[in-house]
Amino acid sequence: MVSLYDRLSYFAGVLLMAVLCVCLETCPARAAQAPVAPLELLVLGSGGPGAGGRAGAGYVLLLDGTPRILLDAGPGTFVRLGEARLDVRNLNIVLLTHLHADHVGELPGFVKARAVAARSDINFDVFGPGTAPSFPSTRQFIDLMFGQHGAFGYLQDFAGTVTFSTTDLDNISSVKTLYSQDGLEIHAIAGHHRDAPAVIYRVDYKGKNITFSGDIDEHGHAALRQIAKGSNLLVFNAPILDPPNSPAALYALHTAPVDIGRISATAAVSSLLLSHLSRDIDESRDAVTRSIGRSYQGPVQFAKDGLRIRL
Ligand SMILES: [Zn+2]
């Protein structure tokens, strides 16, 4: 038989739990848990180029907690953007590493999301590679999608006027400053991704910086070492294993873990984030980490969709 004492103890316990739950949700200590970082990276998409259960390449950079820069917009990043519940009304800078579909295929979805979030006029500053025989320039690409006669030309005037100030990054064999305003600096240098014109970016803000390798083969390594020198974080696209464990053709397009380690060590970056991950990489994480660790001693992290890194 349950005594009166037992009943009172039970109700006291329930009451205590309820008070604790309310406090955990509302007390100032919890609200103060996550201070705003000057520079923060949100991984929208950590996957590609194949369909491996991750969104394609895409990142948002937040400055003082405000989303300001989109870097690449691979398939699936639209969903991740919504899941992150970001206020994108100040997200007007778009950096494109190259024009492969797994990096730019979701750009119309992003532009529409941005347009309906603001319902006011928007001007996007877009930077991306110049043209090559098999690729339009970034300016042509934007025009093909959003120009007056583009596939999604209707977005120009859908929820406010949408315009694009697009810069083709041709002939940047040395580091070039693309943007310098209110403490934000964006630098770029030409990368190399076989026949696709490619750009490596570094974003600097309040003494912190992040470098993005983009998809890169060995002909881009010298440029990457140069621009990434001393970076707080290097985001390295790492879809292949050390030779000979990936298809031979991929070594003309990407960088193997052994070289990722060497480059990160030479550039003396503080930390490394492996992204653009394939299933092969996911299934061989230990081998990848060991290979990189032969030359690079800093922290190495594998990206996942939704990951946030505060600098
Ligand atoms: Zn790619």
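The structure displayed is predicted, hence computed values, not measured ones.

Let us now look at the packing of aromatic side chains. Counted according to the given criterion, the structure contains five aromatic pairs. Centre to centre, the rings of Tyr 59 and Phe 212 are 5.4 Å apart; their planes meet at 50°, and the pair counts as tilted. With Tyr 59 in strand β2 (residues 58-63) and Phe 212 in strand β10 (residues 208-212), this residue pair connects regions lying 153 residues apart in the sequence. In this structure Tyr 59 comes out as buried when scored by relative accessible area, which is 2%. For the ring pair Phe 146 and Phe 164, a centre distance of 4.9 Å and an interplane angle of 15° mean the geometry is stacked. Here Phe 146, found in helix α6 (residues 138-146), pairs with Phe 164, found in strand β6 (residues 162-169); they are 18 residues apart in sequence, far enough to count as distant. The exposure class assigned to Phe 146 is buried, which follows from its relative accessible area of 2%.

Looking now at the packing of helix α8 (residues 257-266) against helix α10 (residues 285-293). At a minimum axis separation of 7 Å, α8 and α10 run at an interaxial angle of 40°. Of the possible angle classes, the one that applies to α8 and α10 is oblique. The interaxial crossing formed by α8 with α10 has right-handed handedness. Judged by residue contacts, Pro 257, Val 258, Ile 260 and Gly 261 of α8 engage Val 288, Ser 291 and Ile 292 from α10. For the contact of α8 with α10, the class distribution of residues is five nonpolar, two polar and no charged.

The protein atoms donating to the zinc ion are Asp 102 (OD), His 103 (NE2), Asp 215 (OD) and His 276 (NE2), with metal-donor distances spanning 2.1 to 2.3 Å. Angles of 87 to 167° at the metal separate the four donor atoms of the zinc ion, which places the site in the irregular class. Here the donor residues of the zinc ion share one chain and are spaced in sequence as D-H-x111-D-x60-H. Highlighted residues: His 103 in helix α4 (residues 101-104) and Asp 215 in the loop between β10 and α7 (221-228), separated in sequence by 112 residues. The same class applies to His 103 and to Asp 215, which are both buried.

Definitions and cut-offs
- Residues numbered from 1 in each chain as written.
- Predicted model: local features only at pLDDT ≥ 70, side-chain atom pairs only at ≥ 80, totals over all residues.
- Heavy atoms only, no water.
- Phe/Tyr/Trp six-rings, centres within 6.5 Å; stacked < 30°, edge-to-face > 60°.
- Helix = DSSP H or I, 4+ residues; strand = E, 2+ residues; numbered from the N terminus.
- Buried < 20%, exposed > 50% of the residue type's maximum accessible area, 1.4 Å probe, protein only.
- Axes fitted to C-alpha atoms, helices over the stretch in contact; angles between N-to-C directions.
- Parallel < 35°, antiparallel > 145°, perpendicular 65-115°, else oblique.
- Left-handed = near helix turned anticlockwise from the far one by under 90°.
- Contact = heavy atoms within 4.5 Å.
- Nonpolar A, V, L, I, M, F, W, Y, C, P; charged D, E, K, R; others polar.
- Donors = N, O, S within 2.8 Å, 3.2 Å for Na, K, Ca; no water.
- Tetrahedral: all angles 85-135°; square planar, octahedral: opposite > 155°, others 65-115°.

All we've got here are geometric facts, nothing functional implied.
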